[in-house]
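# Architecture and fold: a report
The residues making up each chain are set out below.
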Number of protein chains: 4
Amino acid sequence: MGDIRATLRAQAIETPSWAYGNSGTRFKVFAQRGVPRDPYEKLADAAQVHAFTGVAPTVALHIPWDRVDDYADLARHASEVGVRIGAINSNVFQDDDYRLGSVTNPDPAVRRKALDHLLACVDVMDATGSDTLKLWFSDGTNYPGQDDIRSRQDRLAEALSAVYERLGEGQRFLLEYKLFEPAFYVTDVPDWGTAYAHCLRLGDKAQVVVDTGHHAPGTNIEFIVAFLLREGKLGGFDFNSRFYADDDLMVGAADPFQLFRIMYEVIRGGALSGRHGGPEQGVAFMLDQCHNIEPKIPGQIRSVMNIQEATAKALRVDGDALAAAQAEGDVLAANAVLMDAYNTDVRPLLAELRQEMGLDPDPMAAYARSGYFEKIAAERVGGTQAGWGA
Amino acid sequence: MGDIRATLRAQAIETPSWAYGNSGTRFKVFAQRGVPRDPYEKLADAAQVHAFTGVAPTVALHIPWDRVDDYADLARHASEVGVRIGAINSNVFQDDDYRLGSVTNPDPAVRRKALDHLLACVDVMDATGSDTLKLWFSDGTNYPGQDDIRSRQDRLAEALSAVYERLGEGQRFLLEYKLFEPAFYVTDVPDWGTAYAHCLRLGDKAQVVVDTGHHAPGTNIEFIVAFLLREGKLGGFDFNSRFYADDDLMVGAADPFQLFRIMYEVIRGGALSGRHGGPEQGVAFMLDQCHNIEPKIPGQIRSVMNIQEATAKALRVDGDALAAAQAEGDVLAANAVLMDAYNTDVRPLLAELRQEMGLDPDPMAAYARSGYFEKIAAERVGGTQAGWGA
Amino acid sequence: MGDIRATLRAQAIETPSWAYGNSGTRFKVFAQRGVPRDPYEKLADAAQVHAFTGVAPTVALHIPWDRVDDYADLARHASEVGVRIGAINSNVFQDDDYRLGSVTNPDPAVRRKALDHLLACVDVMDATGSDTLKLWFSDGTNYPGQDDIRSRQDRLAEALSAVYERLGEGQRFLLEYKLFEPAFYVTDVPDWGTAYAHCLRLGDKAQVVVDTGHHAPGTNIEFIVAFLLREGKLGGFDFNSRFYADDDLMVGAADPFQLFRIMYEVIRGGALSGRHGGPEQGVAFMLDQCHNIEPKIPGQIRSVMNIQEATAKALRVDGDALAAAQAEGDVLAANAVLMDAYNTDVRPLLAELRQEMGLDPDPMAAYARSGYFEKIAAERVGGTQAGWGA
Amino acid sequence: MGDIRATLRAQAIETPSWAYGNSGTRFKVFAQRGVPRDPYEKLADAAQVHAFTGVAPTVALHIPWDRVDDYADLARHASEVGVRIGAINSNVFQDDDYRLGSVTNPDPAVRRKALDHLLACVDVMDATGSDTLKLWFSDGTNYPGQDDIRSRQDRLAEALSAVYERLGEGQRFLLEYKLFEPAFYVTDVPDWGTAYAHCLRLGDKAQVVVDTGHHAPGTNIEFIVAFLLREGKLGGFDFNSRFYADDDLMVGAADPFQLFRIMYEVIRGGALSGRHGGPEQGVAFMLDQCHNIEPKIPGQIRSVMNIQEATAKALRVDGDALAAAQAEGDVLAANAVLMDAYNTDVRPLLAELRQEMGLDPDPMAAYARSGYFEKIAAERVGGTQAGWGA
């Protein structure tokens, strides 16, 4: 149990700057009070999540949503409020030029523009000290025949190669895949196999990132995790949960047992230690969610706690008993070993852990009592609230 | 064949005013040139679709997107450009008050506000002469426990009952169902069974509308069509097509064979004659699509043509041969009768039909040649383009 | 907590006779040692499940798999080993005549044969004292055009009506729905809406049974449960779990959180008391699973325990706190109330409960120690093992 | 058009020996009259398909279902009736030892047994002159924890490597993937990415085979085809169609537009020429279907014709017009080019082609008139009908 506590204490979960801004569906964005107006305020909010959980030390940025003139100053600000800059997320889906794609667009000029943006994101990495570039392409087509599937792969490969060449020492990119949305017929990177194949050709600095909401119904995500870890190609997670499509609900909200199984495979693959603290970057554990109707900061705190609980349960799996039952082919016994760990209530353990770390055992209640929300709701009046379009 | 032509000539497909405005995904709305700035311009565009196809005589309105001071004047304008007002679509999903639902909201004041809007839509029906109110509720919850599933049904029933009571002679409402989006855990009207049960309790003026993109993967939509027709509860269609979720692509673009099977069941159920021309209102054939990346008017023309082609093929099914093969249990022969009709190229037939109707045999080319797009692109400068939020 | 214990003690879960026989996929049935050779041996096995759990007092029969000459004798045997006969399950899918359907077959002679079987099942109810007939129809078609969708509904309605008329005082039938398999294009009762509509027309003695593995991907099953309870039309459950299609795994194995949500709605709808003990029959909680690779009796014990655990958690939901949070529209608080109950480890409570009932606190271990398996494996040699085809 | 005809004439579609035997679902196998009793009779039936279509010259065998003492004699028989032996299909899923897997089984003795079978299949290749081994593994687990996901991949890799080493000059294996069934939690080769990664490590003699029914809902199969062709890793197809899961219906029956899109990508990737006639083996076009309720030989003829029709339509796509519209980003025009080809009725062209080849223009009618069915129904009495278990 001492080992489990040490492991849980060292866990590092990254929250995304955009989680603190407004978000919604294509039907409506419900604005909330107290939402940040700029990247500095986003970092301040993220710092609250770390302050109350102790395991959310880094914050992912999104360019251009978090564009500032002086990234070094932003990084300094992060440090001052108690966090660090994590992954840099590129955005090549919100310019009018990207209607038919970015790096896979049939128009070479648009492709060039998109690539320039990606390269500029590496500049931001240099400026902020970030070691990870996250690439998500909304590229695809809506109608059969609209564009040539294979040519788009050629264009994608060309762009990825150019970005790869630009990466410096200790830098990497993570390639994200997604079944669909916003493209509705072909998506150019629709599944892990596509992302994997491109990364494999490029080399060690290219890895796959698994967004837990980006799969076809029925996909066994923990299998993908286990497979990519075996291949040395799992670079990170975008955590969230879903009942239907890319719902972007709080991680663990829709299927906590699935989250547990994923974390079990992470541990089984020796990848829990994460990316901070060694020559190898390891797996980045990032949140990527939309708090459309619930408050942002508590939504992030709850999500971090959900991952902690799943991790704690997965750490409690009795490995020897499991291996023995598996070796004997005792289906029910092997399943029972896993379920015993899952059915354990680990909340007391985590409460104790927080107290050892000098934190309140109940982060949600502690945040609610802190008055932070009342403060930002009062102060952040006027200006333009941050959101996906800003 | 004479009968088929007469039937095809009498077909009536309704286009929605919002198809002519901008639309997109939660990631981006790509604005297009020449997009209408007000309901009058939308009707003008819709009139083009009718002018070139001859089978799109009515236009659905959406309140408040099409709110005007003088609906009688709007109806007059419609008549002047050659179309009529069709269904009135309510909107109880875009006010900040509706964050947790409209008619199923836990707050009675919000429910009252939503109901008032629905009743006001009946006023618009009275003012425009529309006979059909379309009710779509985005109501639902995102998280287990967020609200009480059963209480929300009680609230829904209460609101539907109040609207039903308000309907006048010759008026009806159509209740739409949708699996998910924007609600991601529970949707209060998620499937045809729920819509059917509510309509059944209310009476003949309440019917179910089938949006072809609103089903779970694997759902057999033509079964639902056949079943609702047998029960006398199919009120209409919202046509579009999808590969994944509610993609809102052009009808017939994703699975033209499915569209053919649906139209076959419509004909089998005696419902093709549609809603215009008798004491019974019949089935309304409406489009409900998003032309996110393709031009709007041609997108609608193409969609109308796709329905025409599916209808013409379905009309060509040899009913006697089919019945004989089915009665004998000859699986391959029965399937072959259906496939023979589907595999027939009906475009020459439809081209002839258009010429008989005094239309150009190729509506897409004729529209392109007409100069209408160049005209609106030049004229419609300034103002605020219509879209989902406007 | 006293209430919770009393409720859990009174819970009654029905196991199916066929769970004790061999089962498999279309690729292979892996025979197991000790499998029963006749209905008497099946009941003996089922009695073990009740002996070790205390909450599985009834056993569903399947005709003709459990056909005997003297049903009264079989019922006596059940009583002697400590169980009772539960629902009677009809089988109109394994005769060569049913290749194109049973009660919906285009051939009236086949329909008559199928109906006769259903009526004979009511005779078995009379002979055994069973109050519930479970109707599952594999009827459907594999190819578009193969048969007429609507005519098949007419035939179905006719057969259901005839069975309904035959039911005696205190008897009912439960109509099961299933998305697909073994029919691959149209299934004649594919969803709850279809089953509901047919039952509604017939009256109170016809109710819907929810098999938890029979839905399209993404279907919210607890919504259906809540809706049918509100309508007074939920007759029972066929419990099992699935990752993909109708996998028939042990209930709670694939998504324990879903099972918890279902049991929460059962309790919310006042339906936990089940069908034994009053003038109204209530909801039947039945297992319907295939232990293809795991041993049968332990598989059933584990399944019963999984339902108990989900029930115990659902009973622990703090209703007042939940209602308060819902009324306030506090999304995170309401969700947290539910999750607090789910995250509680109820196994100690259930262990205590078993001891109060004079049972071993660990049914799996107790059964393993009992030597029953060794006994049947030694004794049941020769003869034909029971299975789906026997 | 001359080119199109030449291409269509050269097309080669392989039918599987098991399509001529009985098949069914886990619920029932409906036996048919005239079904073969041994591999010789299967080849005779397959020869009929070739005789009436002219494009089905090879037949896949399945070991042990087609086990004979003298494979050279079987190959001679094939030649005499007018066909050749195609791919050899292994079977490591029907022995009792494979309950928990074959090559991934935790028990090394079982793994060895499975590998020996695979190696024996290469012996059959040597004896029959077959150049292609098709590997499908039903291996997987039903319950979380049942076995170690990663270790199973290690075992799989080891077995594949041993088979690869055994392959002779001009021989290859095709690795099949499948989302689920008969395994219901983890399948060891669940998707194309897994099959691709294993094949890539091994070399050119290992390729991926795409079964069109083996994907998650919403998967874009033509994307996978295009991607694998770009990588040089598409080895063949197992054609069939499905509405839900692995329904194994006749190819083109469920979604003929999808089949057309797949054939378009095959042509786009330069892979239509197939595997017969050059140093490179090319893509194998194989059927893999179950005619559960329809007659076998006509079912195969119809399937072959469906592929021909899809191919003919795909060949008619105006490549120049398509490329021009794609380059201009004209979404509707590009889509229209594809749809124009799809909407063309190619049946007259194929009828002419058959006449040029000395065949009846209507293979279905010609077979029906031939009296072959009446002959086998009369002759094949007694003995054991071939099926999946025999």
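Going by the annotation in an unreviewed UniProt entry, the name recorded for chain A is L-rhamnose isomerase, with Streptosporangium minutum given as the source organism.

Residue and element names in this part refer to chain B. Within the span of helix H13 (residues 363-370), buried status applies to Pro363, Ala366 and Tyr367. The buried residues of H13 occupy one face: seen down the axis, they fall within an arc of 100 degrees. Those residues of H13 that are exposed and angled more than 90 degrees off the buried face are Ala368 and Arg369. Packing partners of the buried residues in H13 comprise helix H2 (39-53), helix H9 (296-315), helix H12 (347-356) and helix H14 (372-379). Where H13 terminates, the next one or two residues include Gly371, which has phi positive at roughly 80 degrees.

Taken together, the contacts link 41 residues of chain D with 41 residues of chain C. Across the chain D/chain C interface, buried area totals approximately 4000 Å², and carbon plus sulfur atoms make up 63% of it. Summed over the three residues of chain D that lose the most area to chain C, namely Arg26(D), Phe27(D) and Tyr143(D), the buried surface amounts to 22% of that side. Linking chain D to chain C there are 8 salt bridges. With a shortest N-O distance of 2.9 Å, Glu181(C) and Arg26(D) are connected by a salt bridge. The interface formed by chain D and chain C contains 20 residue pairs in polar contact (both at pLDDT 80 or more).

So, on to the confidence of the model for chain A. Model confidence for chain A is summarised by a mean pLDDT of 96, while 97% of its residues fall at 70 or above. In the predicted complex, the global pTM is 0.98; the interface-specific ipTM is 0.97.

A few words on the pattern of salt bridges. Scanning all chains against the criterion turns up 132 salt bridges over all chains. A salt bridge links Glu356(C) to Arg5(C); the nearest nitrogen and oxygen atoms lie 2.4 Å apart. With Glu356(C) in helix H12 (residues 347-356) and Arg5(C) in helix H1 (residues 2-10), the pair connects residues that are 351 residues apart, well separated along the chain. Under the relative-accessibility criterion, Glu356(C) is labelled partly exposed at 40%. Here Glu379(C) and Lys375(C) are joined by a salt bridge, their closest N and O atoms 3.9 Å apart. Taken together, the residues span about one helical turn, with Glu379(C) and Lys375(C) both in helix H14 (residues 372-379) at a distance of 4 residues. Salt bridges linked by common partners bring Arg26(A), Lys178(B), Glu181(B), Asp246(B) and Asp248(B) together as one network.

Definitions and cut-offs
- Residues numbered from 1 in each chain as written.
- Chains lettered and ligands numbered in written order.
- Predicted model: local features only at pLDDT ≥ 70, side-chain atom pairs only at ≥ 80, totals over all residues.
- Heavy atoms only, no water.
- Buried < 20%, exposed > 50% of the residue type's maximum accessible area, 1.4 Å probe, protein only.
- Helix = DSSP H or I, 4+ residues; strand = E, 2+ residues; numbered from the N terminus.
- Arc of directions from axis to C-beta.
- Contact = heavy atoms within 4.5 Å.
- Buried area = accessible area lost by both parts, 1.4 Å probe.
- Salt bridge = Lys/Arg side-chain N within 4 Å of Asp/Glu carboxyl O.
- Polar contact = N/O pair within 3.5 Å; in protein donor to acceptor, adjacent residues only side chain to side chain.
- pLDDT = per-residue confidence, 0-100.

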